[in-house]
Amino acid sequence: MRCKFPYLPLLLSCLMWTGCDDELSDSAEPRPVIEAYISQGGTPEVFFTTSVSPSQAGELSDVVVRWGKVTVSDGTDTVILTGGPLKGAFPPFHYYTPMMTGKAGRTYTVTAEYNGLRATATATIPEATPVDSIVVRPVEGVDSLCSATLWFTAPAVTPAYYYISVLEDHPGARPLPSYLGTVSVERPGIAVSMPVYRPKYKYGAPKDYVAQLKRGARYSIALCRVEKEVYDFWNSYGSIVAFGSGSLFVNSVVRLSGNVTGGYGIFSAQGQSKVTISTPEP
């Protein structure tokens, strides 16, 4: 089956359509959608919205949940997250807490509740894999752009699964998946290279979108090691973004399944290795 839906501007649009199947008809009741993150050494962050039907365009304010209850548990302690605005970002509201810090090897459960809606997801943070280097080179014939390649060594225990996130240096930015930035590794000890591209914010690239990094800019790049279920989500998401257009059709082959029970979305628990680079001036 195919579902056609409105053009929405950023990552959350993907999550809002995770269940693009027979159950998400025009008459379907809204379901909770969560986009949640925790990394080793980091604190949890959750974006909480509701799904919309294929014919419903609506406003962002209609689907952002501002009065929900969001908790994160590590199996021993449970923390209630605080909801608050996130100025300049999309979505413009998130749930957060400084009271819990992610640890590699530990399993976490996020629960989001609102007005009779309830969604949960459980994920484990893998051990982070160090970044060996990021090689930056000029793009031939284009003075304003440069290319970047991230190198790492596959861990002793494989298979291992990764995606790259990129934080651009501008107000309201948050880390988002690098365009086509996923890889699975089957052989331990091998050198692995991944191109680093800017996040593609929209389905169907905006007219001014370029994948390569801009010269004279600063980027925080994270190699995120995740469980296979989380990898499958980001890999499918990358395929949809790469081949989508202004009028989107998503079929069951590339449907985003996620790891959320009772709703849609993803809980991305990740072992992160971060590197900040400044690209050369034009």
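Please read these numbers as outputs of a predicted model, since none were measured by experiment.

With respect to the sheet that holds strand β3 (residues 45–50)
The eight strands are arranged β6-β7-β3-β2-β19-β16-β12-β13 in an open sheet whose pairing can be described as mixed. Since the sheet does not close on itself, it has two edges, and those belong to β6 (82–85) and β13 (176–185), each with one partner. Shown here is a sheet whose adjacent strand axes are inclined to one another by a mean of 30°, direction ignored. Examined bridge by bridge, β3 and strand β7 (residues 93–96) share two bridges and lie antiparallel to one another. Counterpart to V46 in the pairing with β7 is Y95.

Concerning the sheet that holds strand β4 (residues 69–73)
Strand order across the open sheet formed by five strands is β5-β4-β8-β9-β18, with antiparallel pairing between neighbours. Among the strands making up the open sheet, the edge pair consists of β5 (78–80) and β18 (260–261). In terms of strand pairing, strand β8 (residues 107–114) meets strand β9 (residues 117–124) through eight bridges, oriented antiparallel. Bridging across to β9, Y114 finds its partner in L117.

Description of the pattern of salt bridges
A full pass over the atoms with the stated rule returns five salt bridges. A salt bridge links K228 to D232; the nearest nitrogen and oxygen atoms lie 2.9 Å apart. With K228 and D232 both in helix α3 (residues 228–243), this residue pair falls four residues apart, about one helical turn. Judged by its relative accessible area of 43%, K228 falls in the partly exposed class.

Re the environment of P91
Examined against the element boundaries, P91 turns out to sit in the loop between β6 and β7. For P91, a relative accessible area of 1% puts it in the buried group. Residues P91 and F48 lie 43 residues apart in sequence; the distance between their C-alpha atoms is 9.0 Å.

What counts as what
Numbers given to residues run from 1 along each chain, matching the order in which its sequence is written. Confidence filtering applies because this is a predicted model: local features only for residues at pLDDT of at least 70, side-chain atom pairs given and counted only at 80 or more, and all residues used for totals across whole chains, interfaces and linings. Side-chain descriptors were evaluated using all non-hydrogen atoms of the structure, hydrogens and water having been removed beforehand. Only strands joined by at least two bridges in the DSSP assignment are considered to pair. Numbering of helices and strands starts at the N terminus; helices are DSSP runs of H or I of at least 4 residues and strands are runs of E of at least 2. Structural elements are reduced to axes, namely lines fitted to C-alpha atoms, with helices fitted over the stretch in contact, and the angle between N-to-C directions of any two is expressed from 0 to 180 degrees. Any Lys or Arg side-chain nitrogen found within 4 Å of a carboxyl oxygen on Asp or Glu counts as a salt bridge. Throughout, exposure labels follow a simple rule: accessible area from a 1.4 Å probe, protein chains only, divided by the maximum for the residue type, with under 20% read as buried, over 50% as exposed, and the rest as partly exposed.

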